[in-house]
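Residue-level structural notes
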Amino acid sequence: MEKASLMVLVVEDDPDLAALEADLLEERGHRVEVAFNGREALAAVERASPDLILLDMKMPVMSGREFADEYRRRQRSPAPIVVVTAADDAQRRAAEVGASGWIAKPFDPDALVDRVTRLLPSAGRS
Amino acid sequence: MARSLIARVTAIAFGVELAFALAIPVAYLHLFNIERREDRALVLAIVGALYLVRTAALIGFLASLLRPIERWLAASHSSSQPAPDLTRRAARAAYDAPLLFPLVWATSWLLFYLPVTASLQGLFADRIPLSARAGEATVLFGFSCFAAALPLSYALLSWLLGPVAGRISLSARERDLALPGRRLSVRARLVALSLSLITAPTVWMGVNAYMSQIWTAQRNLAARAGLLADALEHQLAGSSDRTWEAATRALSTPLDVVAVATTDGAIIANSDAARELAAAPGLRFRLARALSRAPAETVLDPSAQRALAYRGIPAGTGGTFPGAVALVISREPGRDRGGELFTLLFFALVALSWAPICAGFLAGSIAGPLGSIRAVVAQIVESEDADRVGRIPIFHRDELGELAQGVNEMIDRLQASAERIRRYGADREQLLAVAARRAAELDAVLDNMVEGVFACDRSGGLTHTNAAGLRLLDLSPAVAVSRATQEPGTGGVGPLHPDGRPFSPAELPLARALAGEIIVEEDEVLENPSSHRPVFLRSSAAPIRDTAGAIAGAVAVARDVTEVVEFDRLKDQFIRVAAHELKTPVAILKGYSLMLMRSDQTLSIRSRRMLEAIDRGAERINRIVEDLLDISQAFLDALHLSPAPVDLDELARETVAGLRASELHRVVVQREDPGPMTVRADAARTRQVLGNLLSNAIKYSPAGGTIEVVLSVDRAAGEARTSVRDSGVGIPTQKQGGIFRLFYRAHTDTPHDYGGMGVGLYMAKELIKRQGGRIWFESREGEGSIFSFTLPLA
């Protein structure tokens, strides 16, 4: 497992799913920050400056979309966002928020990890 | 009354005749110049006796003619109906008697004076000098009587019997009996009348004038013969030369005298004419007879061809001449003014009474029928009710009778048609009542229907809208499916298709039904103008055809299905939301069970099996969730397809490669076309379809079976075909019909029931349909199935 350790921000209101995502990524040696809604995520971004953000769309307080807009507005060089959603039109939604990719719920754990690894920018290796 | 008919007819007929019957012997006496009182009495006695005999016979004949009528009258006065046969005989008598009886009657007058004259010849040969013309004169006299009697008696009888005939005709008509009797037209009657009116007096005048000429000539002759004889006698007595020659010479008369027969038979003639006469046979005998009977009297000889007068001359003083002289006198008849005056007066008297009486009775017999026809016609004209109109009696079998018969038949027809009209009217009212009741029932039914009903005529104008329809119209004028066709732009939002497109006027149900289409359960969406909420209408429509099959209008039924639609939508949304909410727990279940199995190498076999069961359960839930989402998307019409060029071959191979549990079956992909197989389709959805078909094929095939995926291209049709062929259990024929229906499971409750929701084929059909393709199958139970679908070539 010669993989670079990355900082991944998991934004997910369901604590169990957030935990699953975090466990899967940490198992691969990544560092994970968890936020349960968009507002928390904005704070976490300031704190942790993630390399990748796994973003749920439907959340209380602040939705994924609001977060994405706000995040882009604040950050000069935002990290890539991967949308994790149960919606049928995941692809379209991902495009709407300018995400780099999307993962449909329920996801295959291997596929999640694989997707994250592939999507990570070269910056991840630096 | 019945008995009195014959009496009445006889009394009137013979009473009228009697006046003339009394005048005729007077004419007869005058005609034959019978002047002596005793001679006249004798003639009148003979005439009277003959008249009584003749009249008795005629009355008997008349009575026998009229008897059927009398019996008929008697029968009709008693309550019983006269027998048809009696009615026929009575009618025949009533119509024929006025024709037959006058002929007999007039003939009796034609013959009446022949025996009188014959007896005169015998009785008065000595005293009454009858000429050879007496027979002809009698015949002519009789003919004139005939001509006078015929119209009189006919007019009388037809006047008397006409009303009776009319009564009989009405009775016969009621019983549908044809009327017998001889027809005599008015024309024939008028011609006969006028002929009689001319003939009777003319013949009488002629024969009278002729006879009176004869009598006058004879009287003159007799007088002159007497004068001659006196002169001759005197000459003979006073002359010494007592010879005929001397005597006739001495007379020096200018007369065409004369033949003289002496007692010794010598005939002395003084002229050619006399000599010719003297040579004629029988003269000697007649002279002798004249001398023996009345020597001093002049005798006229009616038998001679020329008028002769004889005069016996007593023996002269010389005794040389007892003889007779026959005088032949050239005819130069003097006129008997007195006789002519009598003739004229007599004729005028008779004609003035006879002709008007004839004409009067005849007119009466015509006017009677005409009057009854006029009365009935007036009834027809004035009466509103043809039933009350009576029938016209038929008095005579002539033009008027036929006219009456025609009018009677016309009344029959009028009454029949009035009856028809009454029946028709009654039927019509009944039908109208039934129709009104039906209409009321129908209105009640229609008005209590939940559905709005709209009917329109051929031009699209609304002809009927029920109560629910009116409510729909109030809701939104645009609901007026037909009003939109006739008043475009009446405002309001027009109806929309469920997918949001507006209806064009030609698309509206009534408009399409008017074009002949039958529309079943099509949805429209309207906007409630007050609440601005959508109103869903489900409409059916059909043309109304007339009896010839042409479209006379259309009817549409629209139901407000808003609640149903909203409930349905709510249900779909619920399914959708619920399915989405299930995704996260499924992801957690699957994620952790997988993670555990992979990361923890120390897991016992038992624990690992448990985790695998958890994973399979989660996977099943996941598939159900996917199915539910697909269905709800299909129902909500929210299936999002992203068609793009796809290599079918590659897609098929990927799908086959991704199949799970295919270890027990062999799945092969064959292509029948070497060329490119690029179709325009949504790759993921097409993969889903093929996956569904393959999973079915695997599910219902025995272990170790081969499943073929055959790819082919029909470039002419512009489509590619994918067939999935298995050799499994197949689908029973009776189950094949519903195979693409949602939740339909052909193998439910059979040994081949391998579970599932019955969603796969439904979704396959929906997805292929939405991509412009077709899907179908062939199957035989126990032999396997082939499911095929097409997709358009890119």
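Residues numbered from 1 in each chain as written. Chains lettered and ligands numbered in written order. Predicted model: local features only at pLDDT ≥ 70, side-chain atom pairs only at ≥ 80, totals over all residues.

Things to note about the interface of chain A and chain B
As a measure of interface size, the accessible area lost when the parts come together is often cited. Across the contact, 14 residues belong to chain A and 16 residues belong to chain B. Per-element tally for the side of chain A that touches chain B: the top contributor is helix H1 (residues 15–27) of chain A, with six residues. (Contact = placed C-beta atoms within 7 Å. Helix = DSSP H or I, 4+ residues; strand = E, 2+ residues; numbered from the N terminus.)

Section: unusual backbone geometry
At the junction of A:Lys105 and A:Pro106, the peptide bond is cis and its omega measures out at -10° in the coordinates. Of note, A:Pro106 is situated in the loop between strand E5 (101–104) and helix H5 (109–119). The residue B:Glu521 is not glycine, and still its phi comes out positive at about 50°. Judged by local crowding, B:Glu521 falls into the exposed class, with 10 C-beta atoms found within 10 Å. (Buried ≥ 20, exposed ≤ 12 C-beta atoms within 10 Å, placed from the backbone.)

As for the nonpolar core
Residue and element names in this part refer to chain B. By size, the foremost hydrophobic cluster in this structure holds 68 residues, and its most contacted members are Ile69, Ala94, Ala149 and Ala165. Listing elements by their share of this core, those giving two or more residues are helix H1 (4–31), helix H2 (37–77), helix H3 (84–123), helix H4 (134–174), helix H5 (186–238), helix H9 (337–382) and helix H10 (399–447). Take this core: its biggest share by element is 21 residues, from H4. Counting the residues that make up this core, at least three belong to each of domain 1 (4–215 + 337–375) and domain 3 (381–425). Discounting chain neighbours no more than four positions away, the residues touching Ala149 are Trp105, Ala106 and Trp109. (Core = buried A, V, L, I, M, F, W, Y, C linked by C-beta atoms within 7 Å. Domains from an automatic or database assignment.)

Focus on helix H17 (residues 683–699) of chain B
Spacing of three or four residues puts side chains on the same side of an α-helix, whose turn is 3.6 residues. An ideal rise of 1.5 Å per residue puts 24 Å on 17 residues; H17(B) measures up with 24 Å between its terminal C-alpha atoms. Looking only at H17(B), the buried set comprises B:Arg685, B:Thr686, B:Val689, B:Leu690, B:Asn692, B:Leu693, B:Leu694, B:Asn696, B:Ala697 and B:Ile698. (Expected span 1.5 Å × (residues − 1).)

Section: the sheet that holds strand E2 (residues 31–35) of chain A
Residue and element names in this part refer to chain A. Strands sit in the order E2-E1-E3-E4-E5 across an open sheet of five strands; the sheet is parallel. Each end of this open sheet is capped by a strand with a single partner; those strands are E2 and E5. If you compare each strand with its neighbour and ignore which way they point, the axes differ by 20° on average. The strands that helix H2 (residues 38–48) touches are strand E1 (7–11) and E2; relative to E1, the one it contacts most, it runs at about 170°. This element, H5, spans E1, strand E3 (52–56), strand E4 (81–85) and E5 of the sheet and lies at about 175° to E5. (Pairing = 2+ DSSP bridges. Axes fitted to C-alpha atoms, helices over the stretch in contact; angles between N-to-C directions.)

Remarks on the packing of H1(A) against helix H14 (residues 562–599) of chain B
At a minimum axis separation of 9 Å, H1(A) and H14(B) run at an interaxial angle of 30°. Judged on the interaxial angle alone, H14(B) and H1(A) are roughly parallel. The handedness of the crossing between H1(A) and H14(B) comes out as left-handed. Seen from H1(A), the contacting residues are A:Asp16, A:Leu17, A:Leu20, A:Asp23, A:Leu24 and A:Glu27; seen from H14(B), they are B:Thr584, B:Ala587, B:Ile588, B:Gly591, B:Tyr592, B:Met595 and B:Ser599. Residue composition of the contact of H1(A) with H14(B), grouped by class: seven nonpolar, three polar and three charged. (Parallel < 35°, antiparallel > 145°, perpendicular 65-115°, else oblique. Left-handed = near helix turned anticlockwise from the far one by under 90°. Nonpolar A, V, L, I, M, F, W, Y, C, P; charged D, E, K, R; others polar.)

Concerning the confidence of the model for chain B
All names here are of chain B. Of all residues in chain B, 79% attain a pLDDT of 70 or more, and the chain-wide mean is 78. Low pLDDT, under 50, characterises residues 315–322; the stretch is placed with 15 contacts to residues that sit more than four places away or in other chains. Across residues 329–337 the pLDDT falls below 50, and counting only partners more than four positions away or on other chains, this stretch makes 18 contacts in the model. Reported confidence for the predicted complex is 0.84 by ipTM and 0.47 by pTM. (pLDDT = per-residue confidence, 0-100.)

A short note on the sheet that holds strand E9 (residues 534–545) of chain B
Residues and elements named next belong to chain B. Strands sit in the order E7-E6-E10-E9-E8 across an open sheet of five strands; the sheet is antiparallel. Unpaired on one side and paired on the other, strand E7 (462–465) and strand E8 (519–527) mark the two borders of the sheet. Each neighbouring strand pair of the sheet contributes to a mean axis angle of 25°, computed without reference to strand direction. Where E9 lies against strand E10 (residues 551–560), nine bridges are found, and the strand directions are antiparallel. Paired with Leu537 across the two strands is Asp560, which belongs to E10.

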